[in-house]
Protein chains: 2
Amino acid sequence: MKQSYHHHNLKEALIEEAIAFLEKQPYESITIRGLTNLLKVSRTAVYRHFSSKEELFQAVILRGFERLKEKIEKVYKNPSLTIEEKIAKIGESYIAYALDFPELYRLMFGDKLKQLREESCEIQNSDNQCAFDILVALVVDAQKENIFVEVNPMEQAVAIWALIHGQASLLIDGHPMILEQKERLIKTGLSMIMKGFKPTSTLT
Amino acid sequence: MKQSYHHHNLKEALIEEAIAFLEKQPYESITIRGLTNLLKVSRTAVYRHFSSKEELFQAVILRGFERLKEKIEKVYKNPSLTIEEKIAKIGESYIAYALDFPELYRLMFGDKLKQLREESCEIQNSDNQCAFDILVALVVDAQKENIFVEVNPMEQAVAIWALIHGQASLLIDGHPMILEQKERLIKTGLSMIMKGFKPTSTLT
DNA sequence: ACCTGAACACCGTTCAAGT
DNA sequence: ACCTGAACACCGTTCAAGT
């Protein structure tokens, strides 16, 4: 079992352990010494797989985006859901993810190394989409069914993303009062999206 | 001139210099040695005014919130603006502030010491309001003039705040593409707020 | 209300030398 | 593909002793 680290598992084990650490302490206070001690390897072993602490956590961030994308994709590809339900459920899933892994989420959307974030889509299989691309596709669907007014889908997608991301951020880092009202806030946000983009609402 | 630091200005100078540093480098890479070298004081002089680096930056965060509040308050109290204009202009000002001082903004809304953030209102003069309170007041005004549907003003205020904050975050840390579309994104976000909350839009 | 200078514990990272 | 052990530069912070 310990032998396994000697062959091909250490890289993976480091990423998984780093994610586990992030659930208990912030990025800044995680040390390579602490990580390696827990994995029972030497501190220098990290440098066989990553050139620096930062590069290790780039891999962690990438993993975080992959998982978020999988979660969202699962909702998008669920054939039993209407488009309205998908929009609602993707928002909920997204926010749930942020609340489940707050420090990982902070790292993903913080400012530590954005170069990699731009790559993060191309790294994946060529038939895959970014989490954002899924949202854009959903907006296009909504426009086709006349649920959303027909403007540039990217703009609507970014606005929705900003709202959800903002809600997630405020729930994680904001005033405790906000967290108490979680359910109602999600509902209000959703109603803001739906009625705001609905073409029948344009009689002033 | 140098004498002034010996009397009462060092605390203030440290805060101002720290904010200036934040415009050029991230919080993590700012060192107390670098700060004090530039101010021509000894490294240990900081501890006459702050018990730690963290406490110094708590003061910086507080200053950041004060300035943001002033900026928003100025718009709110401008009698020549309609409520719609105020909503639009507060959003723009807020986002402009985040783009002008990205690292300060990250610090303000990151997770470094939220204890102080909860105090940040009470520390100010008793006749003052939080930036958020101003937004709530504006929402109440909008409800009175029938621009917004009458639900709990807090919920609408948080939803708006989340959207603006999310936009600011994505503009600062997101894909460069988003920054290029800044003007249109702000416009789309505003339209999402207005039409979404507008009571006349409720015919499905 | 500052100064100097030395020291401490703790980092990430490097290197030499092993298996 | 790991190990040990020593070392380096750089932190925040503390302390003793000054003015």
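Residues numbered from 1 in each chain as written. Chains lettered and ligands numbered in written order. Predicted model: local features only at pLDDT ≥ 70, side-chain atom pairs only at ≥ 80, totals over all residues. Heavy atoms only, no water.

### Thoughts on the packing of aromatic side chains
Aromatic ring pairs are defined here through the distance separating the ring centres and the angle between the ring planes. Residue and element names in this part refer to chain A. As enumerated under the stated definition, the model contains 16 aromatic pairs over all chains in all. Here the aromatic rings of Tyr105 and Phe109 are separated by 4.8 Å at their centres, their planes lie at 40°, and the arrangement is tilted. In this pair, Tyr105 and Phe109 are both assigned in helix H5 (residues 102-109), four residues apart and thus about one turn of the helix distant. Summarising the burial analysis for this pair, Tyr105 and Phe109 share the class buried. Chaining the aromatic ring pairs together yields one cluster made of Phe65, Tyr94, Tyr105, Phe109, Phe132 and Trp161. Its guanidinium or amino end placed over the ring of Tyr27, Lys53 lies 4.7 Å from that ring's centre, counting from NZ or CZ. (Phe/Tyr/Trp six-rings, centres within 6.5 Å; stacked < 30°, edge-to-face > 60°. Helix = DSSP H or I, 4+ residues; strand = E, 2+ residues; numbered from the N terminus. Buried < 20%, exposed > 50% of the residue type's maximum accessible area, 1.4 Å probe, protein only. Lys NZ or Arg CZ within 6 Å of the ring centre and 35° of its normal.)

### Quick notes on helix H8 (residues 153-173) of chain A
Under the 1.5 Å per step criterion, the end-to-end length of H8(A) is 30 Å for 21 residues, consistent within 8% with the ideal 30 Å. The N-cap residue of H8(A) is Asn152(A): its side-chain oxygen and the backbone nitrogen of Met154(A) are 3.0 Å apart. (Expected span 1.5 Å × (residues − 1). Polar contact = N/O pair within 3.5 Å; in protein donor to acceptor, adjacent residues only side chain to side chain.)

### Observations concerning the packing of helix H3 (residues 53-76) of chain B against helix H5 (residues 102-109) of chain B
Residue and element names in this part refer to chain B. Put simply, H3 and H5 touch, their axes get as near as 9 Å, and they point 105° apart. Relative to H5, H3 is oriented roughly perpendicular. Facing Phe57, Val60, Ile61, Gly64, Phe65 and Leu68 of H3, the residues of H5 in contact are Leu104, Leu107, Met108 and Phe109. Looking at the contact of H3 with H5 residue by residue, the classes come out as nine nonpolar, one polar and no charged. (Axes fitted to C-alpha atoms, helices over the stretch in contact; angles between N-to-C directions. Parallel < 35°, antiparallel > 145°, perpendicular 65-115°, else oblique. Contact = heavy atoms within 4.5 Å. Nonpolar A, V, L, I, M, F, W, Y, C, P; charged D, E, K, R; others polar.)

### Considering helix H7 (residues 131-144) of chain A
For H7(A), built from 14 residues, the straight-helix expectation of 20 Å at 1.5 Å per residue is met to within 8% by its first-to-last C-alpha distance of 20 Å. All of the buried residues along H7(A) are Phe132(A), Ile134(A), Leu135(A), Val136(A), Ala137(A), Leu138(A), Val139(A), Ala142(A) and Gln143(A). In the core, the buried residues of H7(A) are packed alongside helix H3 (53-76), helix H4 (83-100) and H8 of chain A together with helix H9 (176-180) of chain B.

### Some points on the domain arrangement of chain A
Residues and elements named next belong to chain A. By domain assignment, chain A separates into domain 1 (1-51) and domain 2 (62-196). Each partner contributes to the interface: domain 1 provides ten residues, whereas domain 2 provides seven residues. Together domain 1 and domain 2 conceal approximately 770 Å² of surface at their shared face, both sides included; 61% is due to carbon and sulfur atoms. Together, Ile19, Leu22 and Tyr27 form the three largest contributors to the area buried by domain 1 at its contact with domain 2, with a combined 56%. Along the contact surface separating domain 1 from domain 2 lie three salt bridges. Between Arg63 and Glu12 there is a salt bridge; the shortest N-O distance is 2.8 Å. For the side of domain 1 that touches domain 2, the class distribution of residues is five nonpolar, one polar and four charged. (Domains from an automatic or database assignment. Buried area = accessible area lost by both parts, 1.4 Å probe. Salt bridge = Lys/Arg side-chain N within 4 Å of Asp/Glu carboxyl O.)

### Considering the environment of Leu104(B)
If you trace the backbone, Leu104(B) turns up in helix H5. Not counting residues up to four positions away in its chain, the partners in contact with Leu104(B) are Ile19(B), Leu22(B), Val60(B), Gly64(B) and Tyr97(B).

### Considerations on the packing of H5(B) against helix H8 (residues 153-173) of chain B
All names here are of chain B. Closest axis-to-axis distance for the H5/H8 pair is 11 Å, and the angle between their directions is 135°. One way to sum up the angle between H5 and H8 is to call them oblique. The element H5 and its partner H8 pack so that their crossing is left-handed. Residues Pro102, Tyr105, Arg106 and Phe109 of H5 pack against Trp161, His165, Ala168, Ser169, Ile172 and Asp173 of H8. Of the residues belonging to the contact of H5 with H8, the class tally is six nonpolar, two polar and two charged. (Left-handed = near helix turned anticlockwise from the far one by under 90°.)

### What about unusual backbone geometry?
Residues and elements named next belong to chain A. Positive phi, normally seen in glycine, also occurs at Lys40, with a value near 60°. Relative to the helices and strands, Lys40 resides in the loop between helix H2 (32-38) and H3. Given a relative accessible area of 64%, Lys40 falls into the exposed group.

### Focus: the confidence of the model for chain A
Residue and element names in this part refer to chain A. On average, residues of chain A score 86 in pLDDT, and 83% of them are at 70 or above. Ranking the elements of chain A by mean pLDDT puts helix H6 (residues 115-123) last, at 56, and H4 first, at 97. Contacts of residues 196-204 to residues separated by more than four positions or lying in other chains number 28 contacts, the stretch itself having pLDDT below 50. (pLDDT = per-residue confidence, 0-100.)

### Quick word on the environment of Arg43(A)
All names here are of chain A. Tracing the backbone through its elements, the reader meets Arg43 in the loop between H2 and H3. Overall, Arg43 belongs to the partly exposed group, its relative accessible area being 45%. As for Arg43 and Ile32, which are separated by eleven residues in sequence, their C-alpha atoms are 6.5 Å apart.

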